[in-house]
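# Fold and contact review
Residues per chain, in single letters:
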Amino acid sequence: MSEVLDSHPQLLQGAWITVQITVLGAVLALVLALAFGVAGAARAVWMRAVNRLYVEFFRGAAALVLMYWLFYSLPLVGLRFTPMAAAVLALGLNYGAYGAEVVRGSINAVPKAQYEAAVALNLRPAQRMRRVILPQAVALMLPPFGNLLIELMKATAVVSLVTIADLTFRAQQIQANTGETAATYALVLVVYFVIAQVLQRLVRLLEHRTERMLGRRPRRGALREVPAPAGGAPR
Amino acid sequence: MPPTDTTPAVPAPEDDVPGVPLAKGAADPLPHGEAPGIRFEKVVKRFGGNVVLRELDFTVAPGERVTLIGPSGSGKTTILRLLMTLERVDGGIIRVGERPLSHMERGGRLVPANERHLHEMRKQIGMVFQQFNLFPNMNVLRNLTEGPVHVLGLSRDEAVERARGLLDMVGLADKIEAHPSQLSGGQQQRVAIARALAMRPKVLLLDEVTSALDPELVVGVQDLLRDIARQSDLTLLCVTHEMRFARDISDRVLMFDQGQIVEEGPPDQIFGEPRERRTRDFLQAVLAS
Ligand SMILES: Nc1ncnc2c1ncn2[C@@H]1O[C@H](COP(=O)(O)OP(=O)(O)O)[C@@H](O)[C@H]1O
Ligand SMILES: [Mg+2]
């Protein structure tokens, strides 16, 4: 057991790589999710078709196979990715597809009356989306995004298969060096758990902020003078 | 379901009583200047197989204030939504001023309007909804400045000044930083009225704007709208079941049934001596409810 604990610098290096891939993959997934999710909620048929194409293809693709394909197959046509780039791209494309479904659903769940009020104020289509619909949809997106983020973090374990020295990769090393299988993997589980907890906290924080923006909970220090009315602005 | 005309005996509660000191000299927040008229020409609107408007014709003169009454489902909201470009016509033409709203001219022919034309036409038109529809992701001030800044191109300072003037007028100057969910229904509707006026429309559409309010808040909002109607040059189209309000606010009342105008005339005549059977029945039903 103590041998395992002595390997903690390696473990922490591995954890850092895992966090990096998680963050980069999540940023890419978020950008793709927003772009293709908004397209999926658009009126234009071709935009919705683009959304369907992306979602159906990458939602069905296993991150591992996608990563192998990017890493091993594309060099055959002259496209070379570093292991890190292949890993981030694979995870981002895969989770971006799930995220796009969340974004599309959230946009469609914003009451139609909000869209109509934006038209009545003569906001242009892009302004309606950016200033009225999306900010309200974000509140609906965050909880499922929190789940996806943790799923993505756990899925990063596959990157050890393209020789990236992430947490799982380090675990295998330490296990091989010490022979302490049970202790090693127990410790690694704990580290994954801690990372997941931190991510969860961050998402919660964002949730609270958006809820305050939407007036669903009082701002710190501000007293509610009048209780929220019935028949108020639709949620 | 439709609210009655009976003025509640309950005085408006304190949180909803501004003295409505409208139009304070130089900083008059209300729109002024020539307002366009409106013309419906053989307008058809259907939802699936349900023909709601069947070749409807009517005109509203520039600056005229018209109230639409009629049973639920008779197409009143549809008329306002067509004017706000929230629905598209299935036949006929709507004109605002001399220009077609639902169509635009292309090589001497009228074709269905594109977004650019609709944007141009919407500059003249504002709407207040039954359910207020304030933006819950913005505080009161931003609800009022969003359009002026991002659509009209006002500077933030100009927009804030305009918003302050309007909030003053609707008696909510102290709620400028409040969040919509912190306001009563009456207050939310006042903000919604101010938000519409901040765009300086020439035509204002009011769709049962007090029917979602608690009874004791109705009169305050109605008084506000009455003063706005009297002190501005707006062309006003108003749907309401409240007869006192309709009398106060309108030059002419149109009685609708099944997408057709059954009877029209000055409010005193329509409410005092309705000629048509259907008008009498409708008014009786409203009074009884
Ligand atoms: N979006 C819609 N889809 C289908 N039918 C609609 C829609 N909006 C209105 N209608 C129908 O059109 C008719 C007129 O409705 P509306 O204009 O709301 O009447 P009013 O405001 O006079 O009560 C009703 O029969 C209603 O069911
Ligand atoms: Mg209606």
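All values derive from a computational prediction rather than experimental measurement.

Let's shift gears to the overall build of chain B. Each helix and strand counted, chain B has 9 helices and 12 strands in total. Taken over the C-alpha atoms alone, chain B extends approximately 55 × 45 × 35 Å along its principal axes. Contacts spanning at least 24 positions in sequence make up 67% of the contacts within chain B whose residues lie at least 6 apart. Approximately 11,800 Å² of chain B is accessible, and the part contributed by carbon and sulfur atoms is 46%.

On to the pairing of strand 12 (residues 260-265) of chain B, then. Residues and elements named next belong to chain B. Pairing of strand 11 (residues 252-257) with strand 12 involves 5 bridges; the strand directions are antiparallel. Across the sheet, the residue bridging to phenylalanine 256 is isoleucine 261, located in strand 12. Between strand 11 and strand 12, which pair antiparallel and follow one another directly, the connecting turn spans 2 residues, one of which, glutamine 258, has a positive phi of 50 degrees.

Moving on, we come to the confidence of the model for chain B. Counting all residues, the mean pLDDT for chain B is 89, and 91% of those residues have values of 70 or more. Counting interchain partners and residues more than four positions distant, the pLDDT-below-50 stretch residues 1-21 of chain B has 37 contacts.

Residue and element names in this part refer to chain B. If you walk across this open sheet you meet the 4 strands as 2-1-4-5, and the pairing is antiparallel. Both outer strands of the open sheet, strand 2 (50-60) and strand 5 (99-100), are each paired with one neighbouring strand and no more. Where strand 1 (residues 38-47) meets strand 2, 7 bridges bridge the pair, whose relative direction is antiparallel. From the neighbouring strand, arginine 46 faces strand 2, where its bridge partner is valine 51. Packing of helix 1 (residues 76-83) onto the sheet brings it into contact with strand 1, strand 2 and strand 4 (91-96), and relative to strand 1 it is tilted by some 115 degrees.

This part takes up the interface of chain A and chain B. Every contact between the two is made by 35 residues of chain A and, on the other side, 35 residues of chain B. Between chain A and chain B, the buried area comes to about 2,900 Å², and carbon and sulfur atoms account for 55% of it. There are 3 salt bridges connecting chain A and chain B. The shortest N-O distance in the salt bridge between Arg128(A) and Glu115(B) comes to 3.0 Å. Our count for the chain A to chain B interface comes out at 13 residue pairs in polar contact (both at pLDDT 80 or more). Contributions of two or more residues to the side of chain A that touches chain B are made by helix 6 (112-120) and helix 7 (125-155) of chain A. Here the element with the most residues in the side of chain A that touches chain B is helix 6 of chain A; it accounts for 8 residues. Its residues assigned to classes, the side of chain A that touches chain B comprises 19 nonpolar, 7 polar and 9 charged.

Moving on: the confidence of the model for chain A. All names here are of chain A. Within chain A, residue pLDDT values average 88, and 91% of them lie at 70 or more. The least confident element of chain A, judged by mean pLDDT, is helix 1 (residues 2-6) at 79; the most confident is helix 6 at 97. Note that residues 220-235 has pLDDT below 50 and, in this model, 35 contacts with residues that lie over four places away or in other chains.

This next bit is on the site of ligand 1. Residue and element names in this part refer to chain B. Taken together, Phe47, Asn50, Val52, Pro71, Ser72, Gly73, Ser74, Gly75, Lys76, Thr77 and Thr78 make up all the residues around ligand 1. Note that an oxygen atom of ligand 1 is positioned 3.0 Å from one of the backbone N or O atoms of glycine 75. At a separation of 2.8 Å, an oxygen atom of ligand 1 approaches a polar side-chain atom of lysine 76. Contact with the protein chains hides 60% of the accessible area of ligand 1, taken as 560 Å² for the molecule alone. Among the elements of the structure, strand 2 and helix 1 are those that each provide at least two residues to the shell around ligand 1. At 3 residues, the largest contribution of residues to the shell around ligand 1 is made by helix 1. When its residues are assigned to classes, the shell around ligand 1 shows 3 nonpolar, 7 polar and 1 charged.

Take helix 9 (residues 181-213) of chain A next. Residue and element names in this part refer to chain A. Spanning 33 residues, helix 9 covers 48 Å between terminal C-alpha atoms, matching the ideal 48 Å at 1.5 Å per step. Looking only at helix 9, the buried set comprises Ala183, Thr184, Val188, Val191, Tyr192, Ile195, Ala196, Leu199, Gln200, Val203, Glu207 and Thr210. Those residues of helix 9 that are buried lie in contact with helix 1, helix 2 (8-40), helix 7 and helix 8 (167-178).

Residues and elements named next belong to chain B. Relative to each other, helix 4 (residues 156-169) and helix 5 (residues 185-198) sit at 140 degrees, their axes nearing to 9 Å. Here helix 5 runs oblique to helix 4, going by the angle between their axes. Read as a crossing pair, helix 4 and helix 5 show a hand that is right-handed. Only Ala194, Leu197 and Ala198 of helix 5 make contact with helix 4, whose side of the interface consists of Arg162, Leu166 and Met169. Split by residue class, the contact of helix 4 with helix 5 holds 5 nonpolar, no polar and 1 charged.

One recurring pattern in soluble globular proteins is that nonpolar side chains are buried together. One finds Tyr54(A), Phe40(B), Ile79(B), Leu83(B) and Leu205(B) to be the most contacted residues of the largest nonpolar core, which totals 97 residues. For this core, the element with the highest residue contribution is helix 7 of chain A, accounting for 13 residues. The contact partners of Leu205(B), leaving out residues within four places of it in the chain, are Leu80(B), Leu83(B), Met84(B), Ile125(B), Gly126(B), Met127(B), Val128(B) and Leu237(B).

On to unusual backbone geometry, then. Residues and elements named next belong to chain B. Of note, glutamate 55 is a non-glycine position whose phi angle comes to about 50 degrees, a positive value. Considering the arrangement of structural elements, one finds glutamate 55 in strand 2. With phi around 50 degrees, glutamine 258 is a residue other than glycine that occupies positive phi space. Tracing the backbone through its elements, the reader meets glutamine 258 in the loop between strand 11 and strand 12.

Under the defined criterion, the tally for this structure stands at 4 cavities of 30 Å³ or more. As a volume, the largest cavity reaches approximately 70 Å³. Lining the largest cavity are Ala117(A), Ala120(A), Leu121(A), Met127(B), Val128(B), Phe129(B), Phe132(B), Ala192(B), Arg195(B) and Ala196(B). For the lining of the largest cavity, the elements supplying multiple residues, two or more each, are helix 6 of chain A together with strand 8 (125-128) and helix 5 of chain B.

Here is what the cut-offs are and how they apply
Residues numbered from 1 in each chain as written. Chains lettered and ligands numbered in written order. Predicted model: local features only at pLDDT ≥ 70, side-chain atom pairs only at ≥ 80, totals over all residues. Heavy atoms only, no water. Helix = DSSP H or I, 4+ residues; strand = E, 2+ residues; numbered from the N terminus. Contact = heavy atoms within 4.5 Å. Areas by Shrake-Rupley, 256 points an atom, 1.4 Å probe, with all protein chains shown as cover. Pairing = 2+ DSSP bridges. pLDDT = per-residue confidence, 0-100. Axes fitted to C-alpha atoms, helices over the stretch in contact; angles between N-to-C directions. Buried area = accessible area lost by both parts, 1.4 Å probe. Salt bridge = Lys/Arg side-chain N within 4 Å of Asp/Glu carboxyl O. Polar contact = N/O pair within 3.5 Å; in protein donor to acceptor, adjacent residues only side chain to side chain. Nonpolar A, V, L, I, M, F, W, Y, C, P; charged D, E, K, R; others polar. Near = heavy atom within 4 Å. Expected span 1.5 Å × (residues − 1). Buried < 20%, exposed > 50% of the residue type's maximum accessible area, 1.4 Å probe, protein only. Parallel < 35°, antiparallel > 145°, perpendicular 65-115°, else oblique. Left-handed = near helix turned anticlockwise from the far one by under 90°. Core = buried A, V, L, I, M, F, W, Y, C linked by side-chain atoms within 4.5 Å. 1 Å grid on protein atoms, 1.4 Å probe; cavity = no way out; pocket = protein on both sides within 12 Å on 5 of 7 lines; lining within 4 Å. Points joined across faces, edges and corners; volume = space filled by probe spheres on them.

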